[in-house]
Each structure stands twice: as structure tokens, then as C-alpha cells.
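Notes for the structure review
This is what each chain is made of:
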Amino acid sequence: MAELVHNTQKIKEYKELAKELVSKMTLEEKCFQMLHGAPAIERLGVNSYNWWNEGLHGVARAGVATIFPQAIGLAASFDEDLLESVADAVSTEARAKFNMQQEFGDTDIYKGLTFWAPNVNIFRDPRWGRGHETYGEDPYLTARLGVSYIKGLQGEDENYLKTAACAKHFAVHSGPEDIRHSFNAEVNMQDMWETYLPAFEACVKEAKVETVMGAYNRTNGEPCCGSKFLLKDTLREQWGFDGHVVSDCWAIKDFHEYHHVTDSAVDSVALAVSMGCDLNCGNIFLYLAQAVKEGKVSEEQVTTAVERLFTTRMKLGLFDEPKKVPYNAINYTIVDSRAMKEKNLDTARKTLVLLKNEGNLLPLDKNGIKTIGIIGPNADNRRALVGNYEGTASRYVTINEGIQDYLGDDVRVLYSEGCHLYKDRISGLGKENDRIAEVRGICKESDVLIACLGLDSGLEGEEGDEGNQYASGDKPNLSLPGLQEEVLKVMYESGKPVVLVILSGSALAVNFAEEHIPAIIQGWYPGAQGGKAIAEVLFGEFSPEAKLPITFYRTTEELPAFTDYSMKNRTYRYMKNEALYPFGYGLSYTTFEIENVALSSDVITKEGVEITCDVTNTGNMDARETVQVYVKAERENTPNAGLKAFKKVALAIGGTKHIGIHLGIEAFSLCDEEGKRVVLPGTYSIYVGDSQPDRRSEELTHKKPQCFKVTSNEYLELS
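Rules behind the numbers
Residues numbered from 1 in each chain as written. Predicted model: local features only at pLDDT ≥ 70, side-chain atom pairs only at ≥ 80, totals over all residues. Heavy atoms only, no water. UniProt positions renumbered as here; feature names shortened; annotations may be inferred. Helix = DSSP H or I, 4+ residues; strand = E, 2+ residues; numbered from the N terminus. Rg over C-alpha atoms; globule rule 2.2 N^0.38 Å. Contact = heavy atoms within 4.5 Å. Areas by Shrake-Rupley, 256 points an atom, 1.4 Å probe, with all protein chains shown as cover. Phe/Tyr/Trp six-rings, centres within 6.5 Å; stacked < 30°, edge-to-face > 60°. Buried < 20%, exposed > 50% of the residue type's maximum accessible area, 1.4 Å probe, protein only. Salt bridge = Lys/Arg side-chain N within 4 Å of Asp/Glu carboxyl O. 1 Å grid on protein atoms, 1.4 Å probe; cavity = no way out; pocket = protein on both sides within 12 Å on 5 of 7 lines; lining within 4 Å. Points joined across faces, edges and corners; volume = space filled by probe spheres on them. Nonpolar A, V, L, I, M, F, W, Y, C, P; charged D, E, K, R; others polar. Domains from an automatic or database assignment.

The name given to the protein chain in an unreviewed UniProt entry is Beta-glucosidase, with the source organism recorded as Anaerosporobacter mobilis DSM 15930. Recorded in UniProt for the protein chain, the comment headed Sequence similarities (unreviewed entry) runs: "Belongs to the glycosyl hydrolase 3 family."

What follows is the structure in C-alpha cells.
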């Protein structure tokens, strides 16, 4: 991964230029610049600028762009380099589109260079509708991938940002969606610093993220966009954040309307700005000048905020001669180009998780198949390819289309929607389960059956998203909706081999499938090229390599209350029940051996521990494996073994690679009840393998990670 080089002198110049420019503005002009739709100030040569743009997995909401797999699918890759590469492609298209839009005077919403991505909230509960925007449930994985994505978006030029990234939603935010505007997330300091803040800290300190977005909810009583603890004490003072803070959209009016921590709009904007919120997504900062005149916030605080905003615009090169900014040379023709489509397809291949492959049913041999049946509401569902915060693709390849394109005229393909995604019938005037006869007919005529089930962004997403069938955006339970499982049972009862492909952004309790269906692939929302990638993996063009970034639970009932933000019994790090499919789990078409594992020391020092091992592809396909390292503090009342390092290894058939992995001292640290990160004296277990060291993973993979005991002889406080 490339390291960013910061030209500190250039940044100092930008700050001085911003200070000089802002000093010429009136109070009213400054306040208007703090709205996401900032107007032009013609007398000062300031063009209008709309700060609101989205780039979660491609340039969104502004016409054609490459739609990469949704963030949760990218997380399944366990591949930092891939995340940086995808983000670099996104920012390249962003600059190309921006350059074109500027040429024709288009400065509308979603047309700027400030991207409100990535979402580094922790996917603590599988019911949360926005979980598919995240990198999963683990703070370490989220931090590593968030840092990579930010570096790809912001680029490597020492003088200019390619685009400005944003770490959101700060902080302690993961549902429920329907009460997010009034909800108070109560969390103890141990969970705060152990789970909810580490990814944000890495994004600020390592990736030098330009923007942080506050969340809608309150955290421990304070509204996040006006929180002294989050914005002043933690972000600015403790972490030294040097960018700007943006509110979530219309979140500041929640202060008085729903949180009731202020009495009026004037009081709300005063609180937000005094605590360090610089930019208002929304329009309530129209009251800001009044707040200054009433003495509720100082003009100096307003000035500081606007200086931060103009420093960002200058880092983007928006006030320099166009020829000076290298990114201005990126031509629009790179958007949706063949190279981008190939990049997207390659990315989709790396996100697919093989959950089950009984009797090596997969890969399928098309030479032995005369007729294949494709059944299910997600077989031809474009929405299930892309998730939310998406752009527009010039072509979408669904699973049905991908398989038909792949097989051509060699194999007969029969297709049925099978059932509605969540309703009890497809035709409004039809009887309940009005496609079941068609399902039975296709089963009878087919040699192999592909079941395409799951969810789409109409069933899980953000509160208020148009078409969200559960209104709030959250899932009521972990079951397959509607008649999907009934259709799957009919397919199973046909006696034909069945492959289940799940398209969803979150975990589903597919217990029947685990018991009865021989092969299962978790496809996430795999992007506009997703159907092609899935067709290729079904027929063995490549081996699946992804791992689960979340836990698949067996029941909804085993989950704690959705509104409970304690980490007790949540995620693989704290759960006591056995998972259906564990975090870190994923099968391959080939086999790997991890051998000759050695540690540099069995005593933990401040430099940490170095691990070396040999990884060999012992199967019959070229493939990539993820070596995973977990650490467990062997004392009472500590979490289960947690992921502390991972590394992708590409291996040809029979190939061996010698790799090294560094475990820093922080890998052995945990937070105490006050939130201090410490390494305590005692014994620690280090596990090296291709899964987490739990019994269920061992049962599914038929092997266990190697375990090594190391000792810490001293007390170390890291924060």
C-alpha cells in the first residue's frame, strides 16, 4: 500500500490563503459558506460549491459510473490493496466527471469532489439496515479497510487531494433506523474505545481523512453533531484532527425537534458550531448569523469553521490555475471504460464467499449438463446487484444474464422468478404462491438448479429510502422474506442438485439451506458485473477466496435487544452461542497448508512479535488465501480471540510462499473499564490459520489454526 506524502509547507500555505480570503467575508457570507450548497461570492472570486457527494462503492447519484460491489462485499475480500485500488478507480472517475461537469457549468448536488465515504461504523447487529454500507463487525478489519479506502480516494499527490474522503458516522451509530433522530446510544467507555472508536481513530491518524461526519443519534446524552466528548475532546484534542466536520443531513434540527437538548433552531446551530461542526448538510445554519448576533456563538468560531472549509477546497485545487492541478487532465472517457469494467469484474470475483460445498458439487461441469434451472426473485434483480448509495451502470449483468451469457447455446437455461422477493404472490390478481407450478416444472426438466434468493436495498437500507418495504430500513428478523424458503424446499425436494446463491448485504439465518442444500455462495450486492462473476465461479473459472466480515447467526432470538449498545453477546468477539457461519470463514476450490509457523519471541516486547510461515497451495487450482492471525488474552472477563492481522497470498498450484506478519504491541492490548488501552502482564494465545479459532470454524473447515503462547511481563499503557 502506498504511503501518502504530505507537503506540510503547502498545507500551511493553503491555511494562510484560506484565512486571508475568509477575512474579506461578511458574517452573512461566512454563514452561507457553511451550508452544503455554498453559494458563489462573486466579488471575491468564489464559485458556488456543493459539498454533498457520495462514493461508497463508486461515484453515486450523478449519472453513469462504475458500480463496484457494495462495501460489505469489499470487506469480504480481506484485501487492503484491493480497497485502495477500488477507491483510486472511484476517485479517477470522480475527477473525470467533475472536469466534464465544470466545463459545462454544472455545480449541482453530487457534482463535487468531497465524498461522504467510507462508512466505518461497526455492524454490531445483523438487523441494522445500513450494515451493508460498512466493512463488517470487527474494529480491526474496519480500520484497515477504511484507511485503505481513504488513501485511494485522497490520492498520492503531495500538493493536492484527488478527492476528499469522509469517515462517518461519528460515532456509536448502527440503528435502529426508525428512531435514529431521537435515539440515545448508551455505551460504556470500555466498549467505546474497544469497539466503536478504533476505526475512526485510524482513519484520522493514519489516513489523514479530510472530513468526519457526525451521526444523527445522541451518544451518552450528547447529540453527536454537537458532542463535546466526540468532537472536541476526542477528535480535535486527543487525535489532532485537522480537517473539517460535517453534520449528517438535517441532523442539527434534531437537537431541538427530537433530542430536546436545545430549545430552538438558533440554540441548535450555536451548540453545533461551538462544539466544532463546520459544515451543515441541510439548511439550518441559515440561523447561524442570528446565533452570533445573540451572543450564543462567537464570530471567531464561525471564522475558524469557514477557514477549515476553504482549506479543503484549496487542497482540492479549486483555487489554483487549472494546469497546476494534475487531476484536471483526467478525461471523461475513462468513466465506464473497458478498463473500469474489467476492474469491476475482477473486484466482484474477490468478494464471493463459498459457505458450503458438500461433495465438491462446485464447480459445475457444463459439459455434463444439458439443462440448468435458475429460480428465485434475485436471479434477475438489478437492485440486488448494487445495494444503496449507488450510481448508474451502462449495463447490469444479473445472475440469470451472467449464466446465459456464459453458457451460450451449449446448455439449455430455464428461468423462473419463483416468488416475489417478499410478497406472497407475483401477479396482483393471482393466487398465493402463483409461480410454484413453474418452479416444479423447471425442477423436473433440469439437471442442476441454481436458487437465487436473499434481499435487496428495498428491504435493508437507510430510514426513509424510497421503496423500503419495512419502512425503517432495518430487518425485523434474520429469515428469508416471503415465500423464498418455501421455494427452496420445493427445489430441494425435487431431488436435483441445488446451488444456493444469496444476494444480501447482511447475515441471514439460512438453517434449512445449511442442513439440506449441498452448495451455498454468499454473493452480497456484487456490483454491476456481479452476475458475470457469479457465473464464472459456478463453473470454475476461478476459485472463491473471500471470507465473512460478519457473523451469520442461527436465530433472531439469540440477539440482544436492538437498542442495547453493550457489546455483550454481540459479534464473534463477545458471542457465546455457536455461529451458523463464523466471522472469517470462507471455503475455496483448492486446499492450502500453513506450515513452519515461527514467532520471533515468546515474550511480548514494545516492538511486538514477528510471525513467519510458509503457505502452500496443495490443491488443483490457482487461488488466493487469507492468512488470519487472532490474539486472545488468557484471563477472565476478556473477549474471545480477536483478529489482529491478515494477509492475502496468491499461489499457483503447488506453489509455496514464505510470508511475514508483524503483530504490534497494540495487538495484545485491551481497554479497561475507563477506556484506557493497556497490555497487562500474563499469557496470550496467538492463533495463525485461515479462520478464527472457534469450534464451529474447525467443524466447517476440518482444520484448526496453530496456537502459540506468549507472555507479557510488564504493564504497558498505550493511551
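The structure having been displayed, the exposition proceeds.
This brings us to the overall build of the protein chain. Helix and strand counts for the protein chain stand at 21 helices and 24 strands. Its C-alpha atoms give the protein chain a radius of gyration of 26 Å, near enough to 27 Å, the size a compact globule of 719 residues would have. C-alpha extents for the protein chain along the principal axes are approximately 75 × 70 × 50 Å. Partitioning the intrachain contacts of the protein chain with sequence separation of at least 6 by distance along the chain shows that 77% fall at a separation of at least 24. Carbon and sulfur atoms provide 46% of the accessible area of the protein chain, an area that totals close to 26100 Å².

Counted according to the given criterion, the structure contains 23 aromatic pairs. An angle of 70 degrees between the planes, with centres 6.3 Å apart, marks the rings of Phe123 and Trp128 as edge-to-face. Trp128 shares its class with Phe123; the two are buried. For the pair Phe170 and Trp239, a centre-to-centre distance of 5.8 Å together with 50 degrees between the ring planes defines the contact as tilted. In this pair, Phe170 sits in strand β3 (residues 166-170) while Trp239 sits in the loop between α8 (228-238) and β8 (244-246), placing the two residues 69 residues apart along the sequence. By relative accessible area, which is 0% here, Phe170 ends up buried.

The next point concerns the pattern of salt bridges. Inspection of the entire model under this criterion finds 46 salt bridges. Between Asp242 and Lys15 there is a salt bridge whose closest N-O contact spans 2.8 Å. Remark: Lys15 occurs in helix α1 (residues 8-22) and Asp242 occurs in the loop between α8 and β8; sequence separation between them is 227 residues. Look at Asp242 and you get partly exposed, because its relative accessible area is 44%. You can call Lys15 partly exposed: its relative accessible area is 35%. Put simply, Arg570 and Asp125 hold a salt bridge, and the shortest N to O gap is 2.8 Å. One end of the pair, Arg570, is in the loop between α19 (530-538) and α20 (571-574); the other, Asp125, is in the loop between α4 (80-103) and α5 (139-154), and 445 residues separate them in sequence.

Here the structure, examined in full by the defined rule, presents four cavities of 30 Å³ or more. Roughly 70 Å³ of internal volume is contained in the largest cavity. If you go around the largest cavity, the residues you meet are Ala65, Thr66, Ile67, Asp336, Met340, Lys341, Asn344, Ala393, Ser394, Arg395, Ala528 and Gln529. A per-class count over the lining of the largest cavity returns five nonpolar, four polar and three charged. Of the domains in this structure, domain 1 (26-39 + 48-329) and domain 2 (338-539) are the two that each give at least three residues to the lining of the largest cavity. Residue lining of the second largest cavity: Phe123, Arg124, Asp125, Pro126, Glu137, Ala507, Ile550, Thr551, Tyr553 and Thr571, and that is the complete set.

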